[in-house]
Amino acid sequence: MTSDSSDPDVQQLLNSVHHVLALLDQAIHEQKYVDIDSGFANVDYLEEQLERRLQSPGPPALSLILLSIPNRTLVAETLNARETRQLKMALRQRLQRSLAHNELIASLPDGTLAFIIPMDSEPKLRLRAQHMMNALEDPFSLGERQVWLSAVSAAARAQEDGPDTAPSLIQAARAALGESRNKGTGSFVLFEDTMRAQRHGRLDMEQTLRSALRRGWLETYLQPLVDLQQGTVTGFEVLARINHPERGLISPHVFVPVAERTGLIRPMSDQMMRQSIPLLRDKRLQERYGEDFTLSINLSPTQLHDPSLADQILQTLSWESIEPRRLKIELTETAVMADPNVATHLIRKLRKQGVAIAMDDFGCGYSSLAYIRNLPLDQLKIDRSLVSGLDHDHEKRAILEMILTLCERLSLDVVAEGIETEPELGCLLGMGAHYGQGFLFSRPKPVEELLELVPARGLLEPAVTDELVR
């Protein structure tokens, strides 16, 4: 017996089946191609669409714009589940309204948003990216709460002479986005071939850093902190060096920026702390520089957001049976000012146990002296940029005199960094500066060289300083 499709009941059944199959097909499509978290197309769909358009005949007037929201994680931490859903929906609606009919938006696994744009003119791409960032300028209303999102953007263009693939285009756009993040909120960077070489260099350095952490190439160097009035060593700043078996010593100026970009700064800093804190009970150093010398250790901005950091530092001191007062933690001015609340919480917790806190590189950023009085600090380290050429720069002398006066009233120790010449030292002594460090006294050295070449006292004597410079 065969069914009659003209039968109304049969037709209704067939329609229901078609509807269910359509819903099932949509569900399968969404499961495969939609990012569940954001509601945008996912990276698989992005790559599929990019490959299809790249293989189309004719010149590839095609670009990929990436949009990153730097404060996305911080904002998410302040929202409840309902507010988070509202924000995602509002963000999706705003950005989709900004799309033309032949454009596509997708979400990459790290939350970066990707736009397929059928154009390759740099001015038009710049304008298009700015239009996308402008869409986020107005606050998002989540009930009684308002949320502001910041954004940076970048783009990479498909090349006429190819060969371009979807992954290579995404990689190029990511490289440009890294440069844009470094420039700050509202920035746009278009990928250029020179970035490819830079990217390869950074990748090589990343691999070198990973090898250094795994194979023990990361070494501890110490630079003396000097009492300028007495000419004596009172402590040391801990500085990292990579001692590569083939390339020799690698400066932190080369590998620290890579460590910060890749997230390796935390394991690197942890390893440096484990290596350096035991030096406070090194008998050789104690016999030469006294039992109360201090160590200053630098913390990166990313470490400030680790809620367990203070406990880790205090636990390490306890394990090594070292008094907390002999350790100083150095935070950069820019790191503290970027998130004063987080920095203040860490500072208070450590200072309560006796650990001293210093603000490093003071004078190279934009904070005001009035703000410093509200931070629970023990020491201010004046950046080399204010010390260099001090002997013939009246403006620098006036700034330093003001800083020294204010810090004296606030009971803050001041350390002048980067002292390299006798005239610079003479100016600092004339101002009454108490502490300093720099190549005039000693370059950073491993412990063995330090013990051999750097005396505990007499560092202001010309014969000694001349020898140390050499």
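Values in this document were obtained by computation on a predicted structure and should not be read as measured data. (Residues numbered from 1 in each chain as written. Predicted model: local features only at pLDDT ≥ 70, side-chain atom pairs only at ≥ 80, totals over all residues. Heavy atoms only, no water.)

Draft legend 1. Representation of the overall build of the protein chain. When helices and strands are tallied, the protein chain shows 19 helices and 16 strands. Relative to its 470 residues, the protein chain shows a buried fraction of 47%. A total accessible area of about 24,600 Å² is found for the protein chain, and carbon and sulfur atoms account for 51% of it. (Helix = DSSP H or I, 4+ residues; strand = E, 2+ residues; numbered from the N terminus. Buried < 20%, exposed > 50% of the residue type's maximum accessible area, 1.4 Å probe, protein only. Areas by Shrake-Rupley, 256 points an atom, 1.4 Å probe, with all protein chains shown as cover.)

Draft legend 2. Quick look at the pairing of strand 6 (residues 152-157). Judged by how many residues are buried, strand 6 sits mostly within the fold: 5 of 6 residues are covered. The pairing of strand 1 (residues 63-68) with strand 6 spans 6 bridges and is antiparallel. Each residue of the ladder has a partner; that of serine 68, found in strand 6, is valine 152. Relative to strand 7 (residues 188-190), strand 6 runs parallel, the two sharing 3 bridges. In the sheet register, alanine 155 faces strand 7, and the bridge partner there is leucine 190. (Pairing = 2+ DSSP bridges.)

Draft legend 3. Seen up close, the environment of leucine 386. Within the secondary structure, leucine 386 sits in helix 15 (residues 384-387). Residue classification places leucine 386 among the buried residues on the basis of a relative accessible area of 10%. Taking the C-alpha atoms as reference points, leucine 386 and lysine 396, 10 residues apart in sequence, are found 6.0 Å from one another. Residues in contact with leucine 386, not counting those within four places in the same chain, are Phe362, Gly363, Lys396, Ile399, Leu400 and Ile403. (Contact = heavy atoms within 4.5 Å.)

Draft legend 4. Summary view of unusual backbone geometry. For serine 321, which is not glycine, the phi dihedral falls at a positive 55°. Examined against the element boundaries, serine 321 turns out to sit in the loop between helix 11 (309-319) and strand 12 (327-332). If you check the backbone angles, aspartate 361 has positive phi at about 55° while not being a glycine. One can find aspartate 361 in strand 13 (residues 356-362).

Draft legend 5. Up close: the nonpolar core. Formed by 81 residues in total, the largest nonpolar core has its most connected members in Tyr289 and Ile329. Setting aside its immediate chain neighbours within four residues, tyrosine 289 contacts Val233, Phe236, Leu450, Leu451, Val454, Pro455 and Ala456. Grouped together as the second largest cluster of nonpolar side chains are 28 residues, Phe40, Val75, Met119 and Val147 included. (Core = buried A, V, L, I, M, F, W, Y, C linked by side-chain atoms within 4.5 Å.)

Draft legend 6. The arrangement of the side chain of lysine 445 in detail. Tracing the backbone through its elements, the reader meets lysine 445 in the loop between strand 16 (435-436) and helix 18 (447-453). An unpaired buried charge is present at lysine 445: no salt bridge exists, and glutamate 449, the closest side chain of opposite charge, is 4.4 Å distant. The contacts of lysine 445, once residues within four sequence positions are left out, are Tyr221, Leu222, Leu450, Leu453 and Val454. (Lys, Arg positive; Asp, Glu negative; His and termini not counted. Salt bridge = Lys/Arg side-chain N within 4 Å of Asp/Glu carboxyl O.)

Draft legend 7. Representation of the packing of helix 16 (residues 394-409) against helix 17 (residues 422-431) in the model. Between helix 16 and helix 17, whose axes approach to 11 Å, the crossing angle comes to 40°. The orientation of helix 16 relative to helix 17 falls into the category oblique. Considering only the axes of helix 16 and helix 17, their crossing is right-handed. Contacts from Arg397, Leu400, Glu401 and Leu404 in helix 16 reach Cys427, Leu428 and Met431 in helix 17. Taken together, the residues that form the contact of helix 16 with helix 17 break down as 5 nonpolar, no polar and 2 charged. (Axes fitted to C-alpha atoms, helices over the stretch in contact; angles between N-to-C directions. Parallel < 35°, antiparallel > 145°, perpendicular 65-115°, else oblique. Left-handed = near helix turned anticlockwise from the far one by under 90°. Nonpolar A, V, L, I, M, F, W, Y, C, P; charged D, E, K, R; others polar.)

Draft legend 8. The arrangement of the environment of leucine 62 in detail. Within the element layout of this structure, leucine 62 appears in the loop between helix 2 (43-54) and strand 1. Judged by relative accessible area, which is 5%, leucine 62 ranks as buried. Between the C-alpha atom of leucine 62 and that of methionine 119, which follows or precedes it by 57 residues, the distance is 5.1 Å. Non-local contacts of leucine 62, meaning those with residues more than four positions away in its chain, are made with Leu50, Arg53, Leu54, Ile116, Ile117, Pro118, Met119, Arg157 and Ala158.

Draft legend 9. Structural view of the pattern of salt bridges. Under the definition given, this model contains 18 salt bridges. A salt bridge links glutamate 320 to arginine 281, with the shortest nitrogen-to-oxygen separation between them at 2.3 Å. Placement of the pair is glutamate 320 in the loop between helix 11 and strand 12 and arginine 281 in the loop between helix 9 (265-276) and helix 10 (283-289), with a sequence separation of 39 residues. Classification of arginine 281 as partly exposed rests on a relative accessible area of 43%. Salt bridges sharing partners connect three or more residues here, namely Glu237, Glu330, Lys381 and Glu417.

Draft legend 10. Inspection of the sheet that holds strand 1 at higher detail. Ordered in space as 2-3-1-6-7, the 5 strands form an open sheet in which the pairing is mixed. Strand pairing shows two members of the sheet lacking a second neighbour, strand 2 (104-107) and strand 7, which therefore form its edges. Within this sheet the neighbouring strands show an average axis-to-axis angle of 20°, counted without direction. In the packing of helix 5 (residues 122-134) onto the sheet, contacts are made with strand 1, strand 3 (113-117), strand 6 and strand 7, and the angle to strand 1 comes to roughly 30°. Across the face of the sheet, helix 6 (residues 166-183) comes into contact with strand 1, strand 6 and strand 7 while running at roughly 145° to strand 6.

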